[in-house]
2 protein chains.
Amino acid sequence: MAIAACCSPESTTPFTHDDATRLARVFAALGDPIRLKLFTLIARDPSQEVCACSFVVELQRSQPTISHHLKILREAELITGTKRGTWIWYSVNTQALSEVREFLS
Amino acid sequence: MAIAACCSPESTTPFTHDDATRLARVFAALGDPIRLKLFTLIARDPSQEVCACSFVVELQRSQPTISHHLKILREAELITGTKRGTWIWYSVNTQALSEVREFLS
DNA sequence: TTGATATATTGACAAACATCAATATATCAA
DNA sequence: TTGATATATTGATGTTTGTCAATATATCAA
């Protein structure tokens, strides 16, 4: 293979595969246009909390599809939802967000 | 639908679908553990430039697989590669990176 | 309790993705 | 030119993903 001819062989990956997988899941959660819009709508709402009911109309996707995308964002811990009666109010998990920001700096 | 009952109907997505798609592609590029490691290896190298030849051994993936992932990172404009003779030296596109960072803040 | 509404789950399907073996291209050295 | 090496492309395969219709669950109001 002769890789030693051009590269130092002992440089290693800076985190474990598990860490990489977990962080990759966060990026992947933002890696879809609909979820990116969902996240932005939640993050940029003046009240910092948004009820899910508008997303179907706003993003022109079916209710199950929106629900599915919100679940992915929740599982990546980018957002949290609290139920108040019939509605769920979403807000951004600022700690997860700063971890991502820290990785990128 | 009675969505007006809980949400102001005129709140709108803060960017176009095309913009969301383009930015989502950048996040998706980081949304795979192998690519996240590739990116990190390139970004954290002291010399700021890394030749591709070590990645096969380091990340335990075949050469075509590494080549494929590097292409995705390149197409997302997260990295750039310059050919010097037989080898290609990769470095991070810092401007694309700050655009992503800006989105997250 | 009955009806309406908000959200979640299931099942299905087409499209996209990660991966590798095989092959191709390009560069360098002898 | 010939052989070796670095990277890219192609083709194939199994897996994951985005989407929706149908259905389920939960909450509220009458």
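Here, the structure is the one placed above.
Cut-off values and rules
- Residues numbered from 1 in each chain as written.
- Chains lettered and ligands numbered in written order.
- Predicted model: local features only at pLDDT ≥ 70, side-chain atom pairs only at ≥ 80, totals over all residues.
- Heavy atoms only, no water.
- Least-squares fit on C-alpha atoms with pLDDT ≥ 70 in both.
- Contact = heavy atoms within 4.5 Å.
- Near = heavy atom within 4 Å.
- Polar contact = N/O pair within 3.5 Å; in protein donor to acceptor, adjacent residues only side chain to side chain.
- Helix = DSSP H or I, 4+ residues; strand = E, 2+ residues; numbered from the N terminus.
- Nonpolar A, V, L, I, M, F, W, Y, C, P; charged D, E, K, R; others polar.
- Pairing = 2+ DSSP bridges.
- Buried area = accessible area lost by both parts, 1.4 Å probe.
- Salt bridge = Lys/Arg side-chain N within 4 Å of Asp/Glu carboxyl O.
- Buried < 20%, exposed > 50% of the residue type's maximum accessible area, 1.4 Å probe, protein only.

Asks: Tell me about the relation of the copies chain A and chain B, and name the residues and values.
Replies: After a rotation of 180° and a shift along the axis of 0.0 Å, chain A superposes on chain B with an RMSD of 0.0 Å. The relationship between the two copies is best expressed as a two-fold rotation axis. A shared interface surface links the copies, since 100% of the contact residues of chain A are contact residues in chain B too.

Asks: Just give me the short version of the protein's contact with DNA strand C, but keep the residues and values in it.
Replies: If you check the shell around DNA strand C, you find 26 residues, and the closest are Gln-63, Thr-86 and Trp-87 of chain A together with Thr-65 and His-69 of chain B. Counted by atom, the contact set of DNA strand C within 4 Å of the protein is 71% sugar and phosphate. With respect to DNA strand C, the side chain of His-69 of chain B contributes an N or O atom lying 2.3 Å from a phosphate oxygen. Looking at the surface near DNA strand C, the elements with two or more residues in it are helix H4 (63-75) and strand E3 (87-92) of chain A together with helix H2 (33-43) and helix H4 (63-75) of chain B. Of the residues contributing to the surface near DNA strand C, the split by class is 11 nonpolar, 9 polar and 6 charged.

Asks: Quick one: what's the story with the protein's contact with DNA strand D, residue by residue and with numbers?
Replies: Within the structure, DNA strand D sits among 26 residues, and Thr-65 and His-69 of chain A together with Gln-63, Thr-86 and Trp-87 of chain B are positioned closest to it. Counting only atoms of DNA strand D within 4 Å of the protein, the sugar-phosphate share comes to 71%. With respect to DNA strand D, the side chain of Arg-74 of chain B contributes an N or O atom lying 3.4 Å from a phosphate oxygen. Every element with two or more residues in the surface near DNA strand D is listed here: helix H2 (33-43) and H4 of chain A together with H4 and strand E3 (87-92) of chain B. Within the surface near DNA strand D, the residues separate by chemical class into 11 nonpolar, 9 polar and 6 charged.

Asks: Break down the sheet that holds E3 of chain A for me, citing the residues and quoting the values.
Replies: Residues and elements named next belong to chain A. On the basis of which strands lie adjacent, the open sheet formed by 3 strands has the order E1-E3-E2 and antiparallel pairing. Because the sheet does not close on itself, it has two edges, and the strands there are strand E1 (50-51) and strand E2 (79-84). Pairing between E2 and E3: 6 bridges, direction antiparallel. Within E3, the residue paired with Ile-79 across the bridge is Val-92.

Asks: Lay out the interface of chain A and chain B with the relevant residues and their values.
Replies: Contacts between the two partners involve 41 residues from chain A, matched on the other side by 41 residues from chain B. A buried area of about 3,500 Å², summed over both sides, lies between chain A and chain B, and 75% of it is on carbon and sulfur atoms. Counting every contact that joins chain A to chain B gives 0 salt bridges. Counting across the interface, chain A meets chain B through 4 residue pairs in polar contact (both at pLDDT 80 or more). Where the side of chain A that touches chain B is concerned, the elements lending two or more residues are helix H1 (17-29), H2, helix H3 (55-59) and helix H5 (94-103) of chain A. For the side of chain A that touches chain B, the element with the highest residue contribution is H1 of chain A, accounting for 7 residues. A class-by-class count of the residues in the side of chain A that touches chain B yields 26 nonpolar, 10 polar and 5 charged.

Asks: If you had to explain the pairing of E3 of chain A to someone new, which residues and values would you point to?
Replies: Residues and elements named next belong to chain A. Where E1 and E3 come together, 2 bridges link them in antiparallel fashion. Within E3, the position partnered with Cys-51 by the bridge is Trp-89. What sits between the antiparallel neighbours E2 and E3 is a turn of 2 residues, in which Gly-85 has the positive phi angle 65°.

Asks: Provide a residue-level description of the side chain of Thr-40 of chain B, including the pertinent values.
Replies: In this fold, Thr-40 of chain B is placed in helix H2. Of the residues examined, Thr-40 of chain B reaches a relative accessible area of 2% and is grouped as buried. Once you skip the residues sitting within four places of it in the chain, Thr-40 of chain B turns out to touch Pro-14, Phe-15 and Phe-103 of chain A.

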